[in-house]
Amino acid sequence: MTAQQKATLQKFGPLLALVVICIGLAFLSPAFLSVGNSFDVMRQVSINALISFGMTLSILLGGIDLSVGSILAVSSVLAAMTMKGGHGAALAVGIAIVAGAGMGSLNGVAIAKGNVAPFIATLGTMTLLRGVALVLSNGSPISGFSSDFFSMLGGGYVARLVPVPVVLMLAMFAVFWFVLTRTVFGRHVYATGGNSEAAKLSGVNTDRVQILVYTVSGAMAALAGVILTSRLDSAQPTAGAGYELDAITAVVLGGTSLSGGRGWIFGTLVGALLIGVLNNGLNLMGVSAFYQQVVKGAVILIAVLLDRGGKS
Amino acid sequence: MNVTMKGISKSFGPVRVLEGVDFSVEGGEIHALMGENGAGKSTLMKILSGAHGADAGSILIDGTPVTIRSTREAEALGIAIIHQELNMIPQLSVVDNLFLGREPNRFGIMERRREHGESATWLHKVGAGRIDMDRPAETLSIGLQQLVEIAKALSLNARVLIMDEPTASLTEREIATLFEIMADLKSRGVGIVYVSHRMEEIFKICDRVSVLRDGHFVGERPVRDTSFDEVVKMMVGRELKERFPKREVAPGAVRLQVEDLGDAGKISGIHFEVRAGEVLGVAGLIGAGRSRVLNTLFGVNPRASGQILLDGRPLSIGRPVDAIAAGIGFVTEDRKSQGLVLGLSLRENVTLVHLGKFARAGIIDAKAEGAAVEQLIDELKIRARDAEIEVKALSGGNQQKVVFAKWLVRPPKVLLLDEPTRGVDVGGKAEIYHTINRLAAAGTAIVMVSSELPEVLAMSDRILVMREGRQTAILDAKAANQEQIMAAATEGLRAS
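Here the structure is a predicted model, which means the values were calculated and not measured.

Draft legend 1. Local environment of the packing of helix α8 (residues 228-236) of chain B against helix α17 (residues 482-490) of chain B. Residues and elements named next belong to chain B. Following both chains from N to C, one finds α8 and α17 inclined at 115 degrees, their axes separated by 10 Å at the closest point. Read as a crossing pair, α8 and α17 show a hand that is right-handed. Contacts from Val232, Lys233, Met235 and Val236 in α8 reach Gln482, Glu483, Met486 and Ala487 in α17. Its residues assigned to classes, the contact of α8 with α17 shows 5 nonpolar, 1 polar and 2 charged.

Draft legend 2. Highlighting the nonpolar core. Of all hydrophobic cores here, the largest spans 247 residues; its most connected members are Leu416(B) and Ile446(B). The dominant element in this core, judged by the number of residues it contributes, is helix α10 (residues 206-232) of chain A, at 15 residues. When near neighbours in sequence (up to four residues on either side) are disregarded, Ile446(B) contacts Val279(B), Leu280(B), Leu415(B), Leu417(B), Ile436(B), Leu439(B) and Ala440(B).

Draft legend 3. Region of the structure containing the sheet that holds strand β17 (residues 313-314) of chain B. All names here are of chain B. Pairing within the open sheet is antiparallel, and its 4 strands lie in the order β14-β13-β16-β17. Only two strands of the sheet have a single neighbouring strand rather than two, namely β14 (270-275) and β17. Bridging between strand β16 (residues 305-310) and β17 involves 2 bridges; their strand directions are antiparallel. When the bridges of β17 are listed, Leu310 appears paired with Arg313.

Draft legend 4. Inspection of the pairing of β16(B) at higher detail. Residue and element names in this part refer to chain B. Here 5 bridges tie strand β13 (residues 254-262) to β16, and the two strands are oriented antiparallel to one another. If you follow Val258 over to β16, its bridge partner there is Ile308. Taking the residues between adjacent antiparallel strands as the criterion, β16 and β17 are bridged by 2 residues, where Asp311 takes a positive phi near 50 degrees.

Draft legend 5. Structural context of the pairing of strand β4 (residues 56-61) of chain B. Residues and elements named next belong to chain B. Relative to β4, strand β1 (residues 2-12) is paired through 5 bridges, and the arrangement is antiparallel. Bridge pairing links Val3 to Ile61 in β4. Looking at chain direction, β4 and strand β5 (residues 64-66) are connected through 3 bridges and run antiparallel. Note on β5: the bridge partner recorded for Ile59 is Val66. The turn joining β4 and β5, which pair antiparallel and follow one another in sequence, is formed by 2 residues; a positive phi near 50 degrees is taken by Asp62.

Draft legend 6. Spatial organisation of the interface of chain B and chain A. Taken together, the 24 residues of chain B in the interface contact 19 residues of chain A. Contributing elements (two or more residues each) for the side of chain B that touches chain A: α10 (320-326), α11 (335-339) and β20 (363-364) of chain B. Along the lines of polarity and charge, the residues of the side of chain B that touches chain A split into 15 nonpolar, 7 polar and 2 charged.

Draft legend 7. Representation of helix α3 (residues 68-84) of chain A in the model. Residues and elements named next belong to chain A. Helix length check: α3 (17 residues) gives 24 Å between terminal C-alpha atoms against 24 Å at 1.5 Å per residue, within 8%. Across the 17 residues of α3, 14 count as buried, placing the element largely inside the fold. With its phi angle positive at about 90 degrees, Gly86 sits one or two positions after the end of α3.

Draft legend 8. Quick look at helix α9 (residues 290-297) of chain B. Residue and element names in this part refer to chain B. α9 sits mainly inside the fold: 8 of its 8 residues count as buried. Regarding α9, the residues found buried are Arg290, Ser291, Arg292, Val293, Leu294, Asn295, Thr296 and Leu297. Gly299, located one to two residues past α9, shows a positive phi value of around 85 degrees.

Draft legend 9. Spotlight on unusual backbone geometry. With a phi angle near 60 degrees, Arg160(A) is a residue other than glycine that sits in the positive phi range. Mapped onto the fold, Arg160(A) is located in the loop between β2 (157-158) and β3 (162-163). On the basis of neighbour counts, which here come to 6 C-beta atoms within 10 Å, the residue Arg160(A) falls in the exposed class. One non-glycine residue, Asn157(B), lies in the positive phi region at around 60 degrees.

The rules behind these values
- Residue positions are given per chain, counting from 1 as you read along its sequence in written order.
- Labels are handed out in written order, letters beginning with A for the chains and numbers beginning with 1 for the ligands.
- Totals for whole chains, interfaces and linings use every residue, but because this is a predicted model, local features are given only for residues with pLDDT of at least 70 and side-chain atom pairs only at 80 or more, for both listing and counting.
- Angles shown run from 0 to 180 degrees and are taken between the N-to-C directions of axes, each axis being a line fitted to C-alpha atoms and, for helices, limited to the stretch in contact.
- Helix numbers and strand numbers start at the N terminus; a helix is a DSSP run of H or I with at least 4 residues, a strand a run of E with at least 2.
- Handedness of a crossing is defined here by the sense of rotation of the near helix relative to the far one, left-handed for an anticlockwise turn of less than a right angle and right-handed for a clockwise turn.
- Any two residues are considered in contact once their C-beta atoms, placed from the backbone, lie within 7 Å.
- By the convention adopted, Pro, Cys, Tyr, Trp, Phe, Met, Ile, Leu, Val and Ala count as nonpolar, Lys, Arg, Asp and Glu as charged, and the other residues, Gly among them, as polar.
- Nonpolar cores are built from buried Ala, Val, Leu, Ile, Met, Phe, Trp, Tyr and Cys residues. These are joined into a set through C-beta atoms within 7 Å.
- Partly exposed residues are those whose C-beta has more than 12 but fewer than 20 other C-beta atoms within 10 Å; 20 or more makes a residue buried and 12 or fewer makes it exposed, with C-beta atoms placed from the backbone.
- Any two strands with at least two DSSP bridges between them are considered paired.
- Multiplying 1.5 Å by the helix residue count minus one yields the expected span of that helix.

Put into structure tokens, the structure is as follows:
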């Protein structure tokens, strides 16, 4: 096998794994491949996928964004409060996403201008913003929104078949794909993550790239929060805890390198689907929740080991 | 103790670094090892101290052949090296550094008292008895850290001590102390190999001098029977071969004017101008501040004083982006860490600087980008399977051409080159020289830092020589020779 074939196999390895697991599950549980169940899986995946798209950018920079779960919670609470205050759902969604972007940009400024390590900066805002969510909501869920538009975001269907969150996920996937492969900004993300000194010496405004990336990551977390709030018809100040780990898992499973500069958004989509399919399949097969954790952990370790094995 | 190296050869890949080199050092002498950058001094000393293995040749201690396969084995034989970059763990204390890896202990429990006692003895021997040995090493000055390294070498019972450019970052006072200690060690029978560029030091403290050139042993002289001129001639004495393509360009109007340029303390008073189509070579030893001048011009290193004018207009350059916008390009010294994003493709690296040229509203026109890259691949004779290959997979020469290509997407008004042919084979070098000449012919003003004197002499119109952060001469390349440059770079006395 040539190096190039090996690289291709590695690149499409996660996709191959996804296909194999799907076929396996189809045999084990006939319900798995039904249209209804397929869209169900994708809807469950959508929230993690949206967060993971943003996370892919920060990881491509060689950074990380641990604050996504907390940003999701604050944005959700803000959206809920806006609607409870008698304003329209569109305004609520707008406020949530702008707030998410704003919180993300704080991360970006601390990292780019303050030279704080991304892990530490976002660990700080993770805790801080969780506190903000609790303060704003006084610690209790805000429920019951009487807006058809808002409940459509999480629970609606396009053409009576495809769930709205799935459409949003696929649309955002297309946008991220385009940005990363076709735009100057996308190229600058790879260059900054691959070698920020060389990028800077080539005239890339690496500070701006970093700030924008964390801003986008925050906005994506907010979007995920809106969908979650709509689905539950309730904004929980404790929502999204631990979501950062699911997102990191999806990104890494998709082949994006934690050291930055290498990776792609398609891999992240596959990684998120892989997690979702495993969850769903194991549920359908009636595997206990305890064993599900064992299986998921093993899959992650095997995937990462395979990835490393290819490099040496 | 006598240590003799005979017929030592060493290659790194296809590059021959040492060829049949003889070298010896006696107990009780200070033996200088000299040569230009890249002559093979450091490699020879790394072989003697066990960091590298030789491909051929033998090492004898008092006439008995020995094999040295690691630093540990060298130390066991009584040979210790003090590297130019000190090998201390900055956060650990002085005493912890002294005994790192061989801590006195009983059943794994440290014997702090014994350690402190021994440490005090050794520190006292190098005249550093007063320093607080529980201080973290990083809080000591470089000079004191060096003394700690020497104490460590002595505590290993070193009979031969190799010092690689030990005075490069010391103050005058620290150098004086170091020399006293070296004289003391010598009187106690320790043999010292002293690697340095500083001619005056060699004549002050050394007994013998050996010279390497291009990996060959040139000769050995007792210091009292030789002269400054002879040593310089031994170091640079090769003839200029016809490996440099001729350039027929009459320099035009002044493009770049640099007036009294200085930074926070490493360089000052840099003053020159470069015309369109002219190549200004910058020569000097490592650490003379040559790269710093380029970094300051490009906005990487903050400028503290002086003015930069391009085509007569003053520039305010605070960041590389400003320099690039003004039409200045910079082929950096270290292509792996500064020049290229190794994980990206050849195409993505080439268009990194001027990606905007192929984009509208931030969206890249892939066709235009690809065409421009193909054209540059042809022009610079970059040998690669295709433009999508990772630059990591290219040879050094081809990588360097990619770095050049980055700046040629929009032909620059001024191009700064820092060691443009380092690690490039002879054929690749000639192609890079052609590129430099073509740029000059198109009116680019070029400033080229290089440690290879033949390259500087052949490729430049004029040569600026630097020594310790200041310029000591600007020579006309046609009239200058290597001896003149070396003299201006080491002494500043013979500059014409």
